[in-house]
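# Results of the structural survey
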Amino acid sequence: PLMADIRDRFGFDDAAVGLIAFAGFLTGFASQVGLSRFADRGHTATMVRTGITIAALASGWMLVADQLWQWVGARLLLGLGAGMVGPAVRRLVITRDPANVGANLGRQAAFDVGGFVVGPLLAAAAAELLGLRAPFGVLVVLYGAVLVLLARIDLTSAETERSHRAMRSLLARPAVQAALAGSIAFYLTIGMFEALWSLLLRDLGAATWLIGATLSLFTIPMVLFAPRGGRAAQARGPIAVISVSITVAAACTLVYGVGPLWLLIVVSGVHALADAFTLPSNQVGVALASPPDQLASGQGLLGATGLAVAGLAALGGAAVYEAFGRATVFTGTAVLMMGFLFLARWRFAVHVRDGAVAEPA
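Throughout, residues of each chain are indexed from 1 in the direction in which the sequence is written. Thresholds applied to this predicted model are a pLDDT of at least 70 for local features of residues and 80 or more for the giving and counting of side-chain atom pairs; totals over whole chains, interfaces and linings are not thresholded and use all residues. Side-chain metrics rest on all non-hydrogen atoms present in the structure, leaving aside hydrogens and water.

### A few points about the packing of helix α9 (residues 174-203) against helix α14 (residues 326-353)
Between two packed helices, both the angle of their axes relative to each other and the distance between the axes serve to describe the pair. Axis geometry follows a simple rule: fit a line to the C-alpha atoms, using only the stretch in contact for helices, then measure angles between N-to-C directions, giving values from 0 to 180 degrees. Put simply, DSSP marks the helices as runs of H or I at least four residues long and the strands as runs of E at least two long, and each gets a number from the N terminus on. One can describe the packing of α9 onto α14 by two numbers: an axis separation of 6 Å at closest approach and a directional angle of 165 degrees. Taken together, the axis directions place α9 and α14 in an arrangement best described as roughly antiparallel. Relative to α14, the crossing made by α9 is left-handed. If an angle is under 35 degrees, it is roughly parallel; if it is over 145, roughly antiparallel; if it lies from 65 to 115, roughly perpendicular; otherwise it is oblique. For any helix crossing, the convention is left-handed if the near helix is rotated counterclockwise from the far helix by under a right angle, and right-handed if that rotation is clockwise.

### As for the packing of aromatic side chains
The description of two aromatic rings rests on the distance between their centres and on the angle between their planes. Classification of ring pairs uses Phe, Tyr and Trp, with its six-membered ring standing for Trp, and accepts pairs whose centres are within 6.5 Å; under 30 degrees between planes counts as stacked, over 60 as edge-to-face, and the remaining range as tilted. Applying the stated rule across the entire model yields seven aromatic pairs. Here the aromatic rings of Phe10 and Phe12 are separated by 5.9 Å at their centres, their planes lie at 25 degrees, and the arrangement is stacked. Taken as a pair, Phe10 and Phe12 share a single burial class, namely buried. With 5.3 Å between their ring centres and 70 degrees between their planes, Trp197 and Tyr256 make a pair best called edge-to-face. Remark: Tyr256 occurs in helix α11 (residues 238-256) and Trp197 occurs in helix α9; sequence separation between them is 59 residues. The class for Tyr256 is buried, based on a relative accessible area of 1%. Among the aromatic residues, those joined into a cluster by ring pairs are Phe10, Phe12, Trp71 and Phe136. For Arg41, the ring lying beneath its charged end belongs to Phe38, and the centroid distance is 5.3 Å. Lysine and arginine charges are scored as sitting over a ring when NZ or CZ, respectively, is within 6 Å of the ring centre and within 35 degrees of the ring normal. The residue whose ring lies beneath Arg347 is Trp346, and the NZ or CZ to ring-centre distance is 4.6 Å. Three exposure classes are used, based on accessible area relative to the maximum for each residue type with a 1.4 Å probe and protein chains only: buried under 20%, partly exposed in between, and exposed over 50%.

### Overview of helix α13 (residues 295-324)
One less than the residue count of a helix, multiplied by 1.5 Å, gives the span that helix is expected to have. Between the first and last C-alpha of α13 there are 42 Å, a value that for 30 residues agrees with the 44 Å anticipated at 1.5 Å per step. Where burial is concerned, most of α13 is hidden: 21 out of the 30 residues are buried. One or two steps after α13, the chain reaches Gly325, where phi turns positive at roughly 95 degrees.

### Thoughts on the side chain of Gln70
Locating Gln70 in the fold gives a position in helix α5 (residues 68-96). Take Gln70: its relative accessible area is 13%, and that puts it in the buried class. Within the local environment of Gln70, its side chain forms a polar contact with the backbone nitrogen of Asp66, the two atoms lying 2.8 Å apart. Contacts are residue-level and defined by heavy atoms, with any inter-residue pair within 4.5 Å sufficient. Residue contacts for Gln70: discarding those within four places in its chain leaves Trp61, Val64 and Ala65. For this analysis, a polar contact is any N or O atom pair within 3.5 Å, provided that within protein one partner can donate a hydrogen and the other can accept it, and provided that sequence-adjacent residues contribute only side-chain to side-chain pairs.

### Topic: the packing of α9 against α11
The contact between α9 and α11 brings their axes to 11 Å, and the two run at 25 degrees. Of the possible angle classes, the one that applies to α9 and α11 is roughly parallel. Handedness of the α9/α11 crossing: left-handed. Touching Ala178, Gly182, Ala185, Thr189, Phe193, Trp197 and Leu200 of α9 are Ile239, Ile242, Ile246, Thr253 and Tyr256, all from α11.

Structure below.
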């Protein structure tokens, strides 16, 4: 919710805002591809604690940033820290209770996005009451509190993976390719929201508090229904679930390009419900397709793919929005989403055709 205020306060254009958003996705991608394998090698605790510390430092930098390169640099650090934490945590979730991997990944996803229920409202309220810098100070304090809590939690995991070609071997699996294609379809809209939602609503006349409220309301269905989405993915198969959820999300994305403000807010709730099934389904799909000794690497590959797509969507989407308007950018996004959904279904069909074991019932 602060993107529009940052743009107006420091005199950035829309493309610069897209660059700030892209920076975090870039280092998030790099850290998940390059560092997630260390969680498979027994360094889960170090990955989680170091990543949160780096994120805290990034938030502290945002307290004083006033030039574009400084905002970009802080976002680079934030992406690095977040990219270290995600795959390591999901490895713990998968290995602690394999029989209920779908429901547990769904619950973890609910907590993962739960911060977005509180975050936008907290950021908007703090900015309104205490100034634009205040939300970043709050983040520093919260990260510090999380580090204290983590001292009481067992974050160890068995050391298993030693391959230096973990990513290549995973990418060669059609079932992994199917899950990655589904993730691309999902993260296209994530990138658009990151860079454009605040600008779009502001240009339609929305106040900062309303922008924050819509972002929080968007995530409530994801928190409530993500565990159900994970269970559905494990029971019916991830590809079957995302075939429905991504189609619904693409239809909602089309509406963002033409609808009035009130309709966008209503449709975003439907979109959020669809995403509550898509997010854990993609994670379950990669977990089922990854060898036991490459679980964190698989989740890192999934997260890195999503961040790369979201970053490119944020960067390119902001430029297209500024040059051609919202109808063009959101229509194009919806078409791309459906294209990658068809790719996901095709690669899974190859997985089944080649004699692989079908998704568990």
